[in-house]
Amino acid sequence: MEGYLLGFSIATLSTVTHYRLHFTLLSNISLENNSYRVIHHAAFYFGICLSMTLILAALLSAAATVRESQCLTAMGFFCFALAFCGLIPAACWRYTHGTEVEDSMMDVYDLVYEEVRRNASSFRRHELTAIHETFLCCGKHSPFGDTAIVEHKTCPSNQLRDAGQDCLQEIRDFLKKHMDLISTLLGITISFTVYGMILTSFLWFSIHFSSNLERKGKYILRER
């Protein structure tokens, strides 16, 4: 039961991360070096594959318990091991490249903001306005000069009073909450896969030895 819930939880979180406006808005911005788009899509596909593997492992383990099948038990163990092998690099990447997602999202905002400040492109201005409306912020602290004109054109009317509020900080705070949730789910999932491998190993040996005991002492009489 826990395997199904965990699998569906990961699938739900992956879908929310992929389709939530805060993430899709920055991913869809057309920039030559939008590294966040690659991370955005890779995280979604990894999450979906992981959730399917966990659900399959839970199904195989349940079927193996009911049917007392060594083959199904071995397949369940393989699925748990496969998920574990995928989770360990993901957890290592999370802690060794913890700021890469944050930096790539803020880079997108920086590039759009500076393009609007330099040439007031209507297309970029529309994208910047959408970012301000989504993250409920207005502008940033820029070392390149006065930003009041940009903020006046791109900030929602109800956010103008907060002009100068750092959107980079808002993006950082929003992403920190989301990444904390992902880290917690990663830890739970790794623990569950280890538990699943131990359980399926124990089940396999139990079925194997009980099968040998049932055969022991049985003889076939042949007529002469």
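Calculation rules
- Residues numbered from 1 in each chain as written.
- Predicted model: local features only at pLDDT ≥ 70, side-chain atom pairs only at ≥ 80, totals over all residues.
- Heavy atoms only, no water.
- Axes fitted to C-alpha atoms, helices over the stretch in contact; angles between N-to-C directions.
- Helix = DSSP H or I, 4+ residues; strand = E, 2+ residues; numbered from the N terminus.
- Parallel < 35°, antiparallel > 145°, perpendicular 65-115°, else oblique.
- Left-handed = near helix turned anticlockwise from the far one by under 90°.
- Contact = heavy atoms within 4.5 Å.
- Disulfide = S-S within 2.5 Å.
- Core = buried A, V, L, I, M, F, W, Y, C linked by side-chain atoms within 4.5 Å.
- Buried < 20%, exposed > 50% of the residue type's maximum accessible area, 1.4 Å probe, protein only.

A. Spotlight on the packing of helix H3 (residues 35-67) against helix H5 (residues 100-119). Orientation of H3 relative to H5, taken along the N-to-C sense of each, is 130°, at an axis distance of 8 Å. Our classification of the angle between H3 and H5 gives oblique. The crossing of H3 and H5 is left-handed. On H5, the residues touching Ser35, Tyr36 and Ile39 of H3 are Glu100, Val101, Ser104, Met105 and Val108.

B. Summary view of the state of the cysteines. Evaluation of the coordinates by the stated rule reveals two disulfides. Covalently, Cys137 is tied to Cys167 through a disulfide, its sulfur atoms 1.9 Å apart. Classification of the bridge connecting Cys137 and Cys167 rests on its S-S torsion, roughly 105°, and on that basis the disulfide is right-handed. In this pair, Cys137 is assigned in the loop between helix H6 (122-135) and helix H7 (148-154) and Cys167 in helix H8 (residues 167-215), connecting sequence segments 30 residues apart.

C. Quick peek at the nonpolar core. In this structure, Leu26, Met105, Tyr109 and Phe135 are the most contacted members of the largest nonpolar core, which totals 27 residues. Those elements that place two or more of their residues in this core are helix H2 (21-27), H3, H5, H6 and H8. The dominant element in this core, judged by the number of residues it contributes, is H5, at eight residues. Not counting the four nearest positions on each side in its chain, Met105 is found in contact with His22, Phe23, Leu26, Tyr36, Phe135, Ile171 and Leu175. In this structure, Leu6, Leu186, Met197 and Ile207 belong to the second largest nonpolar core, which totals 23 residues.

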